[in-house]
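# Coordinate inspection notes
Read off the chains here:
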Amino acid sequence: MPPKRRNAGSIQSKETKNKPESSSSVSKTSTELTAKKHRDKDTDFIALCKRLRVSDVVCDRTWKMYKSLQQSLDELQVDQKKLWGAALFAIVTDMDANSFTLTQVLKDVGMNVKQFVALVRKLDINLDTISTKVNSTLTHLENKYEVTMALYQRFEKTCKSIFAVPTQTKENETIRACWTMFLLAKGRTLQMEDDLVISFQLLLCTLELFTKRCSPECLQPLYQSAISKFQSPVTRTSRRNQVNAKARVTEPVVDLPLLETLCKENECNVDEVKNVYQTSFSAFVVSLDLHKTSGLPQASSINQQYEEHYLKCRDIDARLFLDSDETLLSPQVEPVQVERTPKKNMLEEDAMVIPQTPIRATMNSIQQLRGDLTARGDQPSTNLATYFKNCTVDPAQDILKRLETLGQKFSQRFAEAVGPQCISLGKERFNLGVKLYYKVMEAMLKSEERRLSEQNFSKLLNNSTFHTSLLACALEVVMATYGESSFKTGGYSHGRNAGEPGTADLCFPWILDVLNLSAFDFYKVIESFIKADTTLIKDIVKHLETCENLIMERIAWKTGSPLFELLKQEHELGSVEQTETPASFNQPLQHNHTAADLYLSPVHPSLRILAPDSPAKAGSQAAAPPPSQNARQMHSNSLSLFYKKLYRLAYTRLKMLCSYLLSSHPELELIIWTLFQHTLQHNYELMRDRHLDQLMMSSMYAICKVKIVELRFKSIVLSYKDMPNTSQETFKHVLIGDDHYDSIIIFYNQVFMQKLKTNILQYASTRPPTLSPIPQIHRSHSKFPSSPLRVPGSNNVYISPMKSSHSPCIMTPRSRMLVSIGESFGTPNRFQKINQMVNSGERSLKRTSDHIGTPKHLKRLRFDVDGQDEADGSKSDGDSRLIQRLNDLSSARSRMQEQKMKEDVESRKGQH
């Protein structure tokens, strides 16, 4: 069943709380299925419901869902029983009426985890069948499964190096007990069981305990010699002193030489693992009374306790990894690929990359981060201290007080999210962040000194927002390196209730909430941070850029954001027209503004003291405004740069969506962009508590309507789902007003169209608005080239930006061949491979089109309460996207043929 936190029974969505039949009391009072009430249903379906012990209400709702989707689901060509299992999962997740575990339903319907998750998502035929709650549960389930799979693969490999070949049942039982005890430790210690790093460190702790308690003959020579010669004997306590002994429980003692060997063999930092052992794992061992004996834990007891935990969580039975159970099998995942400098004239593509497991890749990233910061202490360096002393007001004491306060808050919130015993791990993460914070601050100040020939940065260094933002960025880098902040959730928090203990995850923007920092203030430091720290790896740079995009798309537009106050002031100044001048729209995004400029950028109107294109001073004293007739009111650099980036991001996403849907109407792209850009500039209140893409999709639909181009909202949403970094929350959960949320169609009808009706209709007139200039496509501020791109029409041919000296770069996927134009291919058979790849792609495309058959009408989009397909109430059926694309290609081909015929006719006339 869906992964469920220990307190998840009390966590319900607003929709669930408002439905009496979906409360937990229903599942308790009607657990028995009454067959007589379900005579209208398939007998095999009723049998499945009985085996899974679902209630009458669940049975009814699942059957209703199945029947409503039956016609559409016939296209999936999936066994009926599997569809029932997927529907049951969706219903009980929505109702919080769990009566079976995920493994139980997987075994009953004969599927593995990956297949089952994919099938549940396919049930979302009408895009409103699967709720955001179910989708977030699936995402969490996938994350936990992938982490556990990676951990088991490492466990299996490590056991082979520790234990002698298990020829006896006893040795096999030891390995099984070790894995089961680790699963129990992870389940009891961590509230975030999908945390890869801490889970892996717990695994090493478990292996240490079993290894040192095993008989020496059961171990490989390396680990026989690694175990300490001196083991602290278990002392017997007299009855007279038993009461006192309980009051002062002896903590388990770690075998440091053994732990060091385990960490070295697994490329893990021993200090971090020791910390986990002494805090989290030690308390777990005590809870099992294992500290009172030196023998191996009893397998039966460990197994029974894990069974109870598994039945309570109702997700996968991870013990089945030991048996290579079919429910946990999945297609072989390609290892993470790490780029390295290719050797000259290397012919084999495999020589271009170093395959890495997820654990190895993460450990390498951590090792690099820690290595860069090892030499730095927790205090400012001599150079940084000098900058502090050069200030008119020394900021050193305020900085230390701020770090102390935020450090306590961070550690506490980290422990609340990860696990109650993990507060010391939070302190460790924070200390790493502080070292990085000092490092980047020093680099920024050195850069400012070179730029401005200034050493007094009193204004900047006494700006609390600057320091908090810089610290937040450093902490985000640390947590992303440890894999504790990612974007598998699309930047949303799984739909769980914020503030509930144990419900938070550490994904961005968690750090903003912890440090009470606005997203708009945080955005100001990102670009300068990336430029200042040249040691950041590619993945971390991409992570920070994704943070910046999320801020521009959604997070900076939340109620209470200083962005709205700045926009209001700019409107009052009458300068909103200049947030992006037409002349600069199509110019590269180049600017001289650093973090210092942006944090000192005015919030209140004042006289501009510099020429418009000159960088602002970051020194301690503000220059007096010169008595000039050209002096004019100053505008916010931070707002101007924000809008420049926002427009480029908005246009990039719109261009991608237009390429999916309007390739046969290229003239509409500029018109849609004009409406979109106008809305962002003049109707920015529509962005409050909403998402940039909601305005984008609404603009596209509006223009297609007035231009009489048939485009259904469902087609827009389907194509939007194919775009990178999107979430179904964006089109299923749109603010309508007064904390009321509904689908994007309702938003279009009741909000967007009502607000912009007059402007939209202008595009149908004979004198439409002037088209907005197109911004130049956003370029990453990272030092890394963009990813390889697939050649349209082929799944096998990729092109990539050239590096230096015709060096081929890394390609994805790994099985593809690397070709660098301008270099020798080496052997002739490489040309044959290229031909085979291209030909196989053509045959694959042909097979796809051959089996399309008669186009089936898409089901109506049931977003709105009336069940009507389109925003204007009309009903229309259309072809699938694939059919539409083929039709577009056919139309284009016909137009080309007609044009060729005309040219031939004109040519003949010319000859006569």
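Scope of this entry: the structure provided in the associated data block.

About the criteria used
Residues numbered from 1 in each chain as written. Predicted model: local features only at pLDDT ≥ 70, side-chain atom pairs only at ≥ 80, totals over all residues. Heavy atoms only, no water. Helix = DSSP H or I, 4+ residues; strand = E, 2+ residues; numbered from the N terminus. Buried < 20%, exposed > 50% of the residue type's maximum accessible area, 1.4 Å probe, protein only. Contact = heavy atoms within 4.5 Å. Areas by Shrake-Rupley, 256 points an atom, 1.4 Å probe, with all protein chains shown as cover. Expected span 1.5 Å × (residues − 1). Axes fitted to C-alpha atoms, helices over the stretch in contact; angles between N-to-C directions. Parallel < 35°, antiparallel > 145°, perpendicular 65-115°, else oblique. Left-handed = near helix turned anticlockwise from the far one by under 90°. Nonpolar A, V, L, I, M, F, W, Y, C, P; charged D, E, K, R; others polar. Phe/Tyr/Trp six-rings, centres within 6.5 Å; stacked < 30°, edge-to-face > 60°. Lys NZ or Arg CZ within 6 Å of the ring centre and 35° of its normal. Core = buried A, V, L, I, M, F, W, Y, C linked by side-chain atoms within 4.5 Å. Salt bridge = Lys/Arg side-chain N within 4 Å of Asp/Glu carboxyl O.

### Describing the overall build of the chain
Looking only at helices and strands, the chain features 35 helices and six strands. Taking all 912 residues of the chain together, 49% fall into the buried category. Here the contacts in the chain between residues at least 6 apart in sequence split such that 75% fall between residues at least 24 apart. If you sum the accessible surface of the chain, you get close to 44,500 Å²; carbon and sulfur atoms cover 50% of it.

### Observations regarding helix α10 (residues 196-213)
Because an α-helix completes one turn every 3.6 residues, residues spaced three or four positions apart along the sequence face the same direction. End to end, α10 covers 26 Å across 18 residues, agreeing with the expected 26 Å (1.5 Å per residue, within 8%). With 18 of its 18 residues buried, α10 lies for the most part within the structure.

### Notes on the side chain of glutamine 201
With respect to the helices and strands, the residue glutamine 201 is situated in helix α10. Owing to a relative accessible area of 2%, glutamine 201 belongs among the buried residues under this scheme.

### Focus on the packing of helix α17 (residues 382-389) against helix α19 (residues 423-452)
Their axes nearest at 10 Å, the elements α17 and α19 cross at an angle of 60°. Put simply, α17 runs oblique to α19. Viewed along their axes, α17 and α19 form a crossing whose handedness is left-handed. Across from Asn383, Leu384, Tyr387 and Phe388 in α17, the residues of α19 making contact are Tyr438, Met441, Glu442, Leu445, Lys446 and Glu449. Across the contact of α17 with α19, the residue classes tally to six nonpolar, one polar and three charged.

### Some words on the packing of helix α25 (residues 562-573) against helix α28 (residues 637-661)
Look at α25 against α28: their axes get within 10 Å of each other, and the N-to-C directions meet at 100°. Between α25 and α28, the angle falls in the class roughly perpendicular. Between α25 and α28, the contacting residues are Leu563, Leu566, Leu567 and Glu570 on the first element and Ser638, Leu639, Phe642 and Tyr643 on the second. The class makeup of the residues in the contact of α25 with α28 is six nonpolar, one polar and one charged.

### Quick look at helix α8 (residues 132-162)
Helix length check: α8, at 31 residues, gives a terminal C-alpha distance of 44 Å against a target of 45 Å (1.5 Å per residue), a fit within 8%. When you tally the buried positions in α8, you get 24 out of 31 residues, the bulk of the element.

### Points about the packing of aromatic side chains
Summed over the entire model, instances satisfying the criterion amount to 39 aromatic pairs. With 5.0 Å between their ring centres and 75° between their planes, tyrosine 152 and tryptophan 179 make a pair best called edge-to-face. Here tyrosine 152, found in helix α8, pairs with tryptophan 179, found in helix α9 (residues 169-189); they are 27 residues apart in sequence, far enough to count as distant. Judged by relative accessible area, which is 0%, tryptophan 179 ranks as buried. Both rings, one in phenylalanine 713 and one in tyrosine 748, keep their centres 5.9 Å apart while their planes meet at 75°; by these two values the pair is edge-to-face. A residue pair is termed long-range when its members are at least 10 positions apart, and phenylalanine 713 in helix α31 (residues 713-721) and tyrosine 748 in helix α33 (residues 744-762) qualify at 35 residues. Judged on exposure class, the residue phenylalanine 713 and its partner tyrosine 748 are both buried. Its end group placed over the ring of tyrosine 482, arginine 429 keeps NZ or CZ at 3.9 Å from the ring centre.

### Side note on the nonpolar core
Core analysis: the largest hydrophobic core is formed by 233 residues, its most contacted members being Phe155, Ile511, Phe529, Trp557, Phe642, Leu662 and Met700. Examining the composition of this core, we find that 13 residues originate from one element, α28, more than from any other. In this structure, phenylalanine 642 is in contact with Phe520, Tyr523, Ile551, Met552, Ala556, Trp557 and Leu563, ignoring residues within four places of it in sequence.

### Here we look at the environment of proline 216
Position of proline 216 relative to the elements: it lies in the loop between α10 and α11 (221-226). Owing to a relative accessible area of 53%, proline 216 belongs among the exposed residues under this scheme. Considered as a pair, proline 216 and phenylalanine 163 are 53 residues apart in the sequence and their alpha carbons are 9.5 Å apart.

### A closer look at the environment of isoleucine 366
Position of isoleucine 366 relative to the elements: it lies in helix α16 (residues 358-373). Residue isoleucine 366 is classed as buried on the basis of its relative accessible area, which comes to 4%. Sequence separation of isoleucine 366 and cysteine 268 is 98 residues, and the distance between their C-alpha atoms is 8.7 Å. Beyond its immediate chain neighbours, meaning those up to four positions away, isoleucine 366 contacts Val197, Glu272, Thr481 and Tyr482.

### Observations concerning the pattern of salt bridges
Applying the stated criterion across every chain, the model contains 37 salt bridges. Glutamate 142 is the partner of arginine 121 in a salt bridge, and the nearest nitrogen-oxygen pair spans 2.9 Å. Taken together, the residues arginine 121 in helix α7 (residues 113-122) and glutamate 142 in helix α8 connect sequence positions 21 residues apart. Overall, arginine 121 belongs to the partly exposed group, its relative accessible area being 29%. Overall, the relative accessible area of 18% leaves glutamate 142 in the buried class. Across the salt bridge formed by arginine 360 and glutamate 267, the nearest N and O atoms sit 2.6 Å from each other. Of the two residues, arginine 360 is situated in helix α16 and glutamate 267 in the loop between α13 (256-265) and α14 (270-287); the sequence distance between them amounts to 93 residues. Each of the salt bridges in this network shares a partner with another, and the network as a whole consists of Lys144, Lys186, Glu193 and Asp315.

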